[in-house]
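Coordinates in review
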Amino acid sequence: MSKFNHLFETSKDADTFTEYYCGSNTARIDFVSKSCIRVAIYKSEADMLPTFSVNPDNVFSKKGRHKLSTDGFELYSPEKNSSGNIHSFALPDGVKIELNTNNFLLTYYKDNSVLFSDRAPLAYNFENEFGRQTYHYITRMANERIFGLGDKGGELNKSGRAFRIETTDPMGYDAKESDPLYKHIPFYICENSVGCYGLFYDTSDTSYFDLGKEINNYYEPYKYFKTEDNCLVYYVFFGTKLSILQQFASLCGKQPLPPKWSFDYCASTMAYTDAPKSQERMYEFIDKLREYDLSCGGFYLSSGYTSIGNQRYVFNWNKEKFPDIEKFISDFSAKGIEIIPNIKPAFLDNHPMYSEIADKGFFIKNPDGTPFITEFWDGYGSYLDFTNDDAFDFWENKVAHTLLDYGITATWNDNNEFDIKDSDALASGFDGSAVKACRIRPILTNLMVASSYQAQIKKNPDLRPFLSTRSGSIAIRRFAQTWSGDNRTEFSDLRYCHNIGLTMSLSGLYFYGHDLGGFSGDMPSRELLLRWLQHGIFEPRLTIHSWNSDGSATMPWSYHDIIRSVRSLFAQRKRILPYLYNCAYNAVENEIPINAPAFLYYDDEELYSHADSMMLGRDIYACFAFDEGVNKVHAYLPKGDNWYLGDKVYQGGQTIELSIAPTDKMPYFVRSGCVLPTDEEEYGFNSKEKIVFTVYPLEKGSFESEFFTDDGRSFNYLDNNCVHLVFKVLCNENTVSVTFENKGNMDFNPQIRLTKADKRKIVIN
C-alpha cells in the first residue's frame, strides 16, 4: 500500500451490504432501500460517536443510535456483478452504482449517464493525503443546482459557495452573507443535467462544504465535504427533488403535529419582560388585543422574566416583575393564549443554583473535573451536560416544577448553540467514557430539547406538546419547531430570510418561521412591517418578535395608522388556517413541506428565475414584494396546472402582473384540481370557526382532495378521532360533481361551493 494507491478487498458480502478493507481502513456499503445507500469509511481505531439524526423508527434514546445500525431500514438486495477491480450494483429506476476498489471510487449512473462520482484518483483521506481531517471529494457539473444545508442564507441555489456546518449565535446576522447560523444539517439536494441526488453526512462534528468555490489545476471541477470527525458515514439518495427530501426526512424520524393554537398569531418582545412591571405590561397586551379585536394563540415570554438585576437566570422567576405567576398564566390561558417561556441551557456562575449543580457534577467539565466556564449572556457560566443522565433528569424536573406546575404547556428552548470550541471541555459521553463537548454540540442541543419534551409529555400526557428551539441538528424535527433567529429590521433580511425559510424546508425542517418585522435594529418602518406580515401569514409560525435599538417593542399596533391593514392580514391568516393546519398534518404524515419553492413540484425551468414566491402545501401559490417602494410584481405561474385568482383562472406557464400594496391583503393563486378549506367566520379577539370548502375544478377530468382536522390539542386523532374527508370531483363540460366520505370518527357535515371563477353547475352527491 502506498499513498494515492489503496487497493480494497472484499471482507464481507451479504445480500444487503458489502464490506471492504485495505490495511487499517474499512469501507462498507449498505443498501438502505431501493433508492438510498449508506457509505461508511473508517479506521479500526476510529472513535465512532452515536447518531441522533438517523432515527427511522422514531424511538428516543438518551444514548443515541450506532451509526452503522440497520434497524428500521427497508434494506434492499441489489443485483451485483464484479469484474476485476470493478464491482457494480443495480438499483431500480435506472440507477446503477459502480465501485472501483482501487482507491474505493464510486460512480453513480442514471439511465446509463453519469449522475456524479467520487473524484479520481482519490476522493477520501485514507493516509492523510489531504491533511489531518476527514474529506470526501466528488465531481461537480456545470450549471448544477444545490439546495439545503439547513438555515443557510443568500440565494436558494447554494452552488459555487462554501459553508461551515456549525451552530453559533449570530445576533443581528446578515441574511444574505453571514455564515454559520444556528443549525447543523449537513444535507443537500443536487440537481444537474442528468438528474437529482441527495447527500447526508451523519456527523455532529464541525464540518465544511465547498460547493464549487475552490478550483484546482490538477482536477476536473469538484466539490467537497470536510469534517473534524474521524470517520465518514454518509447517505446517498436517488429520485426527484421531492422524493429525496421525503426519504431524508423519513430517515431522520417523524415530526410531531403541533397544537392548533400555535398556528395563530403568537406574540413576543424583549421589551415587555425587560420592563420593571412585566405582569402589568402583559395585561396591557391583552387590553390591546381587545381594543383592536385581534386573536392570539400564544406569547413567547422572553428571558427578562428570569432576571436578577441585569442578568438572566434560567428557572428563576423575578417576582417583582411577576408577583402572581399562577394568576398570570391562568388569566392568559383563559383568554386562549398559551405562555411559551424562554429557557437557556447555561447557568451563570452567580446563579442561585450554580454551586449545587456544580457539586452534583452536572456541568460540562474541564479535564480536572471542575465546571467548564465560558461567556454567556453578559457574564460567565457553564452549560448543563445533557449526556449525563442525572443532568438530563434534573433539567426535566426543573422544567416541570418551575414552569409547567404553574399551568404552562409549552417551552421556548433558546440560546442552545452550546458554543463550546475548547477541545479540553468534556461531556460525560454515551458509553461511560468522556467525549469532547465540541464534537457533540448539536447532540447536546437535541438532548436539551428532548428533556424539555419529556417534561411536557409527562406533565400533560393528553396534550400535544409545543416546543420551539433556535438551534440543533435535523434531530430536533422530532420534538420542536424552529425559526430563523435574530434577524435584522431591513428589507434585505426580508428577502433573504424568505430564502432561509425555504432552505430549512428543503432540509427537512417544515415547521419554521421568522421574527416578523425583524429582531435587531431600529423599529421597522410601516412598509417593512406590513411586507413581513404579508409574507408571514403563509408560514407555519406567525410571530412578531423584537429587540429594537431604542427599547421599543414591534407590535401589531406599533403604527396606529396601519392597524386596519395589520388586522386585515391577520384576518386573512385566520381564513386560510384550516388549510394550513391540513398542510401541517400532511407534512407530518406524508413529508410534504408546508412551504416550498414551486420547483420542488414542477419540472419548469422558468421557476428558478422566480424565487420571490412559494407554495403553501400543494394548492396555494403566493408571490411577494420584497423591495422598498415596489407595489407591483410579476408572478410566473407554474406550468402544468391552471391557477385561480379571485374570479379569474389563468393557464400555467405565463406571467401575470400583480398589484400588491403593503396595506392590502395578499393575493394568492389556488391550483386547479383541489378543494380548499377556508374559515369564513368573522375574525376577532374571540373568533369562532366556520369551515367552507371551495372547489377549484379542472377543465375536464377527475381528481381527489383530502382534508384533516381534529380537536387541535390531543393525541386522539391517532385513534381516528378526527375529521378525515376525502373528496372525489368529476369535471364535465357543464357540471362539477362532488362526492365525499369522512373516514374519521368525528361527525362533520361539510359546506361545499364552487369557485366564482367557474360558471358550471355544482352537483353534490
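Since the structure is predicted, the reported quantities are computational estimates derived from the model, not experimental observations.

So, the overall build of the protein
- Secondary structure assignment for the protein yields ten helices and 51 strands.
- Overall, the protein is about 80 × 75 × 50 Å in size when its C-alpha atoms are taken along their principal axes.
- Looking at the protein residue by residue over its 765 residues, the buried ones come to 63%.
- A fraction of 67% describes how many contacts in the protein between residues 6 or more apart in sequence connect residues 24 or more apart.
- Split by element, the accessible area of the protein, about 27900 Å² in all, is 44% carbon and sulfur.
- Side-chain charges of the protein comprise 79 positive and 102 negative groups, with the mean position of each set lying 3 Å from the other.

Points about the side chain of T269
- You can see T269 is positioned in the loop between strand 19 (266–268) and helix 2 (270–274).
- Only 3.4 Å separates the side chain of T269 from the side chain of S546, close enough to count as a polar contact.
- For T269, the residues in contact, after removing those within four places along its chain, are F299, Y300, S302, H545, S546, A553 and M555.

Section: helix 9 (residues 526–536)
- Among the eleven residues in helix 9, ten count as buried, and that is most of the element.
- Taken residue by residue, helix 9 has E527, L528, L529, L530, R531, W532, L533, Q534, H535 and G536 as its buried positions.
- Those residues of helix 9 hidden inside the fold are in contact with helix 8 (491–505), strand 33 (513–516), strand 35 (541–544), helix 10 (563–590) and strand 38 (613–616).

Regarding the nonpolar core
- Judged by nonpolar contacts, the single largest core of 184 residues is most densely connected at Y265, F285, F347, L384, W395 and F538.
- Looking at which element gives the most residues to this core, the answer is helix 10, with 14 residues.
- Listed in part, the 46 residues of the second largest apolar core include F31, F104, F116 and I146.

Topic: the environment of R119
- With respect to the helices and strands, R119 occurs in the loop between strand 9 (113–117) and strand 10 (134–139).
- Separated by 104 residues in the primary sequence, R119 and K223 have C-alpha atoms spaced 8.8 Å apart.
- When residues no more than four places from it in sequence are discounted, the contact partners of R119 are L105, F130, Y137, I138, Y219 and Y222.
- In terms of polar contacts, R119 uses its side chain to reach the side chain of Y219, at 3.5 Å.

Some points on the pattern of salt bridges
- Taken as a whole and assessed by the stated rule, the structure comprises 50 salt bridges.
- With a closest N to O distance of 3.8 Å, E291 and K288 form a salt bridge. Placement of both E291 and K288 in helix 3 (residues 278–292) is noted, with a separation of three residues, approximately one turn of the helix.
- By relative accessible area, which is 25% here, K288 ends up partly exposed.
- The salt bridge involving E417 is made with R470; its shortest N-O contact spans 3.0 Å. With E417 in the loop between strand 27 (410–413) and strand 28 (426–427) and R470 in the loop between strand 30 (466–469) and strand 31 (472–473), this residue pair connects regions lying 53 residues apart in the sequence. Residue E417 shares its accessibility class with R470, and that shared class is buried.
- Each of the salt bridges in this network shares a partner with another, and the network as a whole consists of D169, K344, D414, E417, R470 and D486.

Calculation rules
Residues numbered from 1 in each chain as written. Predicted model: local features only at pLDDT ≥ 70, side-chain atom pairs only at ≥ 80, totals over all residues. Heavy atoms only, no water. Helix = DSSP H or I, 4+ residues; strand = E, 2+ residues; numbered from the N terminus. Buried < 20%, exposed > 50% of the residue type's maximum accessible area, 1.4 Å probe, protein only. Contact = heavy atoms within 4.5 Å. Areas by Shrake-Rupley, 256 points an atom, 1.4 Å probe, with all protein chains shown as cover. Lys, Arg positive; Asp, Glu negative; His and termini not counted. Charge placed at Lys NZ, Arg CZ, Asp CG, Glu CD. Polar contact = N/O pair within 3.5 Å; in protein donor to acceptor, adjacent residues only side chain to side chain. Core = buried A, V, L, I, M, F, W, Y, C linked by side-chain atoms within 4.5 Å. Salt bridge = Lys/Arg side-chain N within 4 Å of Asp/Glu carboxyl O.

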